[in-house]
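Per-entry structural report
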Amino acid sequence: MGWEQSMNDIRFDGRVAIVTGAGGGLGREYALLLASRGAKVVVNDIGSPDELLGTGSSDTPASSVVAEIQALGGEAIADTHTVATGDGGRAIVGAALDTWGRVDIVINNAGIVGPIKAFAELTDEDVDTVLGVQLLGPFNVLRPAWKAMVDQGYGRILNISSGSMFGQGEACTYPTAKAGMIGMTTNLGLAGPAYGIKVNALLPVGFTRMVENMPEPALSWLRDTFPAAAVAPVAAFLVSDDVPCSGVSFSAGGGRFARVFLGEAQGVTSARLTIEEVRDTFGAAMETDGAATIANVGDELALYAATLAG
């Protein structure tokens, strides 16, 4: 039996979507929901049996999701190229272009956590592997996808970041890469609308293999409260025709979604700032009452202009 639809549904008929890391977890949910609303989907996944380290490969996860989509009457193809290289990114986008002639949607979901080590114990390979997938991966996929979107005058991009960017300690390769995706989103989000492209980011909270090593009782709480499927409607809306914003980040999980934003405190202003004055007024500079939302570098310069003029 196929998916049921209503007249008021947001649809993706005629749209071609690439979802990286779609062989399981959150990526699978994004792919299934988009396909259920009419999108043709490239289900990309290298099929690593160890999602934390990204080692090994198999075509089974991507093919299984494609089979699910096709069984329900949707249209999809499997792709097992890595996002960690430029050639891999071009091959992923090429699969969409060769099959359907366009790329309308990219969800940059593929990721690995990497080894959990003290910071000083991280090897060059540890750092390069995680950043290669998590941060360079979106660059590798989006560069060819962006060209196709510019040429056709339409595109929707969703970069999957993580709440870990707010801080989780020494094991910081993953959260650092995820924070970098916010910077990418902000900048491409400013540039995209001139070409008909909107770019946003999502910080999902969902139970997947990546969190299965968490201690109890946190593990049970995540499993019971944050099903992966609860994130997918927010992701799908953010790549729909109806999304009103670009360059904005959102958190989603457990039936809740909310904007995530950068802010800057009003700070301290002095005509002749000295080291000692910095020391003596440091507490005031840390005060967040009256903080301003910063969406771009112009907002920060405007804040400086307003405070210095005062």
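Remember, it's a predicted structure, so these values are computed and weren't measured experimentally. (Residues numbered from 1 in each chain as written. Predicted model: local features only at pLDDT ≥ 70, side-chain atom pairs only at ≥ 80, totals over all residues. Heavy atoms only, no water.)

Some words on the packing of aromatic side chains
In plain terms, the rule: Any Phe, Tyr or Trp ring, taking Trp's six-membered ring, that has another such ring centre within 6.5 Å forms a pair; planes under 30 degrees apart are called stacked, those over 60 apart edge-to-face, and the others tilted. Secondary structure elements are taken from DSSP: a helix is a run of H or I of four residues or more, a strand is a run of E of two residues or more, and numbering for both begins at the N terminus. The classification of residues rests on relative accessible area computed with a 1.4 Å probe and restricted to protein chains. Under 20% of the type maximum is buried, over 50% is exposed, and intermediate values are partly exposed. A ring is considered to have a charge above it if a Lys NZ or an Arg CZ atom is located within 6 Å of its centre and within 35 degrees of its normal.
Counted by the stated rule, this structure contains one aromatic pair. The interplanar angle of 80 degrees and the centroid separation of 6.2 Å between the aromatic rings of Trp146 and Tyr195 together place this pair among those described as edge-to-face. Of this pair, Trp146 sits in helix H5 (residues 136-152) while Tyr195 sits in the loop between helix H6 (173-191) and strand E6 (197-204), placing them 49 residues apart in sequence. Given the relative accessible area of 39%, Tyr195 is considered partly exposed. When the ring centre of Tyr154 is taken as reference, the NZ or CZ atom of Arg15 above it lies at 3.7 Å.

Quick word on the environment of Lys198
The condition that has to hold: In what follows, a contact means two residues having at least one pair of non-hydrogen atoms within 4.5 Å. For the purposes of these results, a polar contact is taken to be a pair of N or O atoms within 3.5 Å, where, inside protein, one atom must be able to donate a hydrogen and its partner to accept one; residues adjacent in sequence count only when each atom of the pair is a side-chain atom.
Relative to the helices and strands, Lys198 resides in strand E6. Expressed as a C-alpha distance, the spacing of Lys198 and Gly23, which sit 175 residues apart in the sequence, is 25 Å. Setting aside residues no more than four positions away along its own chain, Lys198 makes contact with Gly155, Arg156, Ile157, Val243, Pro244, Cys245 and Ser246. Looking at Lys198, its side chain comes within polar contact range of the main-chain oxygen of Val243, at 2.7 Å.

Considerations on the environment of Gly163
For Gly163, the position within the fold is in the loop between strand E5 (155-160) and H6. Residue classification places Gly163 among the partly exposed positions, given a relative accessible area of 36%. In this structure, the C-alpha to C-alpha distance between Gly163 and Val260, residues 97 residues apart in sequence, is 9.7 Å.

Some points on a nonpolar patch on the surface
Under the convention used in this document: Exposure above 30% relative accessible area and the lack of any salt bridge qualify a residue for a patch; like charges then connect within 9 Å, and the nonpolar side chains Val, Leu, Ile, Met, Phe, Trp and Tyr within 5 Å. Computed by Shrake-Rupley with a 1.4 Å probe, the accessible areas treat only the displayed protein chains as cover when residues are assessed. We define a salt bridge as a contact between a side-chain nitrogen of Lys or Arg and a carboxyl oxygen of Asp or Glu at a distance within 4 Å.
There is a patch of nonpolar side chains on the surface, built from Leu273, Val278, Phe282 and Met286 and spanning about 400 Å² of accessible area. Mapped onto the fold, Val278 is located in helix H9 (residues 275-280).

Quick notes on the sheet that holds strand E2 (residues 40-44)
Cut-off, in case you're wondering: We treat two strands as partners when DSSP finds at least two bridges between them. Orientation is described by axes fitted as lines to C-alpha atoms, over the contacting stretch for helices, and by angles from 0 to 180 degrees between their N-to-C directions.
Ordered in space as E3-E2-E1-E4-E5-E6-E7-E8, the eight strands form an open sheet in which the pairing is mixed. Here the strands that pair on one side only, and so sit at the sheet edges, are strand E3 (75-79) and strand E8 (256-260). In this sheet, neighbouring strand axes are inclined to one another by 20 degrees on average, regardless of whether the strands run parallel or antiparallel. Both strand E7 (residues 249-253) and E8 contribute to a ladder of five bridges, which runs antiparallel. The partner of Phe250 across the bridge, within E8, is Arg259. Here H5 sits on the sheet and contacts strand E1 (16-20), strand E4 (105-108), E5 and E6; the angle it forms with E4, its principal contact strand, is near 170 degrees.

Some details on the nonpolar core
Our working rule: Take the buried residues of types Ala, Val, Leu, Ile, Met, Phe, Trp, Tyr and Cys, join any two whose side-chain atoms come within 4.5 Å, and each joined set is a nonpolar core.
Among the nonpolar cores identified, the biggest contains 36 residues, and Tyr30, Leu34, Val41, Val43, Ile107 and Leu202 are the most heavily contacted of them. Beyond its immediate sequence surroundings of up to four residues, Tyr30 is in contact with Val19, Ile107, Asn109, Ile160, Leu202, Pro204, Val231, Ala232 and Ala235. Residues Ile18, Val93, Val133 and Leu142 belong to the second largest nonpolar core, which totals 23 residues.

What about the domain arrangement of the chain?
How we decide: An automatic or database domain assignment provides the domain bounds reported here.
Considered domain by domain, the chain is made up of domain 1 (16-260) and domain 2 (263-309). Here the C-alpha centroids of domain 1 and domain 2 sit 35 Å apart.

Observations concerning helix H2 (residues 60-71)
Put simply, the test is: What a helix should span is 1.5 Å times the count of its residues minus one. This arc is built from the directions going out from the helix axis to the C-beta atoms.
Relative to the 16 Å expected for twelve residues at 1.5 Å per residue, H2 spans 16 Å between its end C-alpha atoms, a close match to the ideal helical length. Taken residue by residue, H2 has Ala62, Val65, Val66 and Ile69 as its buried positions. Summarising the axial view, the buried residues of H2 lie within an arc of 100 degrees, below the 170-degree limit, and thus occupy one face. In this fold, the buried residues of H2 make contact with helix H1 (25-36), E2 and E3. Taken from the residues just after H2, Gly73 is the one with a positive phi, measuring 95 degrees.

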